[in-house]
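Examination of the molecular architecture
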Amino acid sequence: MDARTIAQQARVEAKAVGRTPEEHAALERALARRRAARLSLASLESGTHPRPHLHPPAVDGDDGRARSQPLDTRGFQGSALENHHEASPAAEVPEYLHEIDDSEIYNTFLMMHDGLENPSVSSRSSFYFDYAMFRAKVAAAKSNPSLPALGVPPERKSKPKYSMRDARGAGWHKRGYRDHGSMWINVRAGSHGHTRGMDAPENERLADFVTSVFHTWASQYPEGWYCDLYFRKKSVTRLLVDLENCGLDMDLVLVKDYFDGGETIYFKLFDEDGEQRSQGLFG
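All values derive from a computational prediction rather than experimental measurement.

**With respect to the overall build of the protein**
When its secondary structure is counted, the protein shows seven helices and eight strands. Here the protein, with 283 residues, has 41% of them falling under the buried criterion. Considering only residue pairs separated by 6 or more positions, the protein has 71% of its internal contacts joining residues 24 or more positions apart. Here the protein displays about 16,200 Å² of accessible surface, and carbon together with sulfur accounts for 50% of that area.

**Here's the deal with the confidence of the model for the protein**
When pLDDT is averaged along the protein, the result is 76; 63% of the residues meet or exceed 70. Within the model, pLDDT remains below 50 along residues 47–87, and this stretch shows 91 contacts once partners closer than five positions in the same chain are excluded.

**Points about helix α7 (residues 236–245)**
Since the α-helix advances by 3.6 residues per turn, residues separated by three or four positions end up pointing in the same direction. Summarising burial for α7: eight of the ten residues are buried, a large majority. Along α7, the residues that are buried comprise Val236, Thr237, Leu239, Leu240, Val241, Asp242, Leu243 and Asn245.

**Considerations on helix α4 (residues 105–112)**
Restricting attention to buried positions, one finds in α4 the residues Ile105, Tyr106, Thr108 and Phe109. Taken around the axis of α4, the buried residues stretch over an arc of 165°, which confines them to a single face.

**Looking at the pattern of salt bridges**
Across all of its chains, the model carries eleven salt bridges by this definition. As a salt-bridge pair, Arg205 and Asp251 come within 2.8 Å of each other at their nearest N and O atoms. Within this pair, whereas Arg205 is found in the loop between β4 (195–201) and α6 (206–217), its partner Asp251 is found in the loop between α7 and β7 (264–270), the two being separated by 46 residues in sequence. For Asp251, a relative accessible area of 39% corresponds to the partly exposed category. Each of Arg165, Arg175, Arg178, Glu202 and Asp260 takes part in a single network of salt bridges with overlapping partners.

**Regarding the side chain of Asp228**
Here Asp228 lies in strand β5 (residues 226–231). Buried charge Asp228 goes without a salt bridge, the closest partner of opposite sign being Arg135 at 7.0 Å. Here Ser235 takes part through its side chain, which lies 2.8 Å from a polar atom of the side chain of Asp228. When near neighbours in sequence (up to four residues on either side) are disregarded, Asp228 contacts Ala132, Phe214, Ser235, Thr237, Tyr266, Phe267 and Lys268.

**Structural notes on the packing of α6 against α7**
Their axes nearest at 11 Å, the elements α6 and α7 cross at an angle of 150°. With respect to α7, the element α6 is oriented roughly antiparallel. Handedness of the α6/α7 crossing: left-handed. Contacts from Leu206, Ala207, Val210 and Phe214 of α6 reach α7 at Val236, Thr237, Leu239 and Leu240. Grouping the amino acids of the contact of α6 with α7 by side-chain chemistry returns seven nonpolar, one polar and no charged.

**Here's the deal with a nonpolar patch on the surface**
A cluster of nonpolar residues, Tyr96, Met111 and Met112, forms a patch on the protein surface that exposes about 360 Å² of accessible area. With a relative accessible area of 37%, Tyr96 lands in the partly exposed category.

**Things to note about the environment of Ser123**
The topology assignment puts Ser123 in helix α5 (residues 121–142). A sequence separation of 92 residues divides Ser123 from His215, and the C-alpha atoms of the two residues are 8.8 Å apart.

Rules used throughout
Per chain, residues are indexed from 1 in the order of the written sequence. Note on the predicted model: pLDDT of at least 70 is required for a residue's local features to be given, and 80 or more for side-chain atom pairs to be given and counted; whole-chain, interface and lining totals, by contrast, use all residues. Calculated side-chain values reflect all of the structure's heavy atoms, with hydrogen atoms and water omitted. In this text, helices come from DSSP runs of H or I with a minimum length of four residues, and strands from runs of E with a minimum of two, each type numbered from the N-terminal end. Each residue is assigned to one of three classes by its accessible area relative to the maximum for its type, calculated with a 1.4 Å probe on protein chains only: buried under 20%, partly exposed between the two thresholds, exposed over 50%. Should any heavy atoms of two residues lie within 4.5 Å, those residues are counted as being in contact. Only the protein chains shown count as cover for residues, and all accessible areas are computed by the Shrake-Rupley method using a 1.4 Å probe. Scored from 0 to 100, pLDDT records how confident the predictor is in each individual residue. To obtain the arc, one takes the directions from the helix axis to the C-beta atoms. What counts as a salt bridge is simple: a side-chain nitrogen of Lys or Arg found within 4 Å of a carboxyl oxygen of Asp or Glu. The positive count covers Lys and Arg only, the negative count covers Asp and Glu only, and His and the chain ends enter neither. Definition of a polar contact: a pair of N or O atoms within 3.5 Å, with one able to donate and the other able to accept a hydrogen when the atoms are protein atoms, and with sequence-neighbouring residues admitted only if both atoms are side-chain atoms. Whenever a helix is involved, its axis is fitted only over the stretch in contact; in every case the axis is a line through C-alpha atoms, and angles between N-to-C directions fall within 0 to 180 degrees. These descriptions rest on fixed angle ranges, namely under 35 degrees for roughly parallel, over 145 for roughly antiparallel, 65 to 115 for roughly perpendicular, and the rest for oblique. It is the rotation of the near helix from the far one that decides the hand of a crossing: anticlockwise by less than a right angle makes it left-handed, clockwise makes it right-handed. Note on residue classes: Ala, Val, Leu, Ile, Met, Phe, Trp, Tyr, Cys and Pro are nonpolar, Asp, Glu, Lys and Arg are charged, and everything else, Gly too, is polar. Patch criteria: residues need more than 30% relative accessible area and no salt bridge. Like-charged residues are merged within 9 Å; nonpolar side chains of Val, Leu, Ile, Met, Phe, Trp and Tyr are merged within 5 Å.

Right under this line is the structure:
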């Protein structure tokens, strides 16, 4: 029986069950991924499985650069389980963070942070960034281990060099647009405030970009108030904490892993009771 006859017979048999061999294979792969994702989620919730170095495989774009997979954590859970033998040690969460009551977060932070004597713009922004990160660490310590809500970046061996590329993308300051390697990201004050934008080099560390937003936007607020940065309704400082807790090298987590230009992030201000306040009152 020649190859052509075998192929024709396979097609006939496939029609008998309503699927082609390719469709049947795709279905089997999808079911396998679903089973792996469920097993990974169950192990994370029970704490019986070591947390791996959560990197999905890199995906090459048309221009040859490594791009992240779509930021859907359901897909990462399976990849994490399959690659657990390459795990990096997860960051240890200090035990005292579990015991901090929400009403004591600010006072605890003050005891650990240098005072703001003669505060400058730089020291104020550093204070509020550090406070936002501290709050994120406390929240992460009190929650069940989970994958970052905004997904994880592709695996890298080293940090790429500074990019100088230009690209039109969808248009000026829109998705895919690059001006000497920088994209444009909109920053909005709260949910209804004014919007300003800023250039962000695509190969900049994500943590450095977040710090620069705090430096630009943070002002002098009443005692106990705090601010945070949100993207897709998720805290970006919590994202940084979760990535670090998963054992990722934060020097290799870049702006382009989560942004492609034209997105809007929200700089929100909260009082000591967690109620959102207007940034406009403080410039």
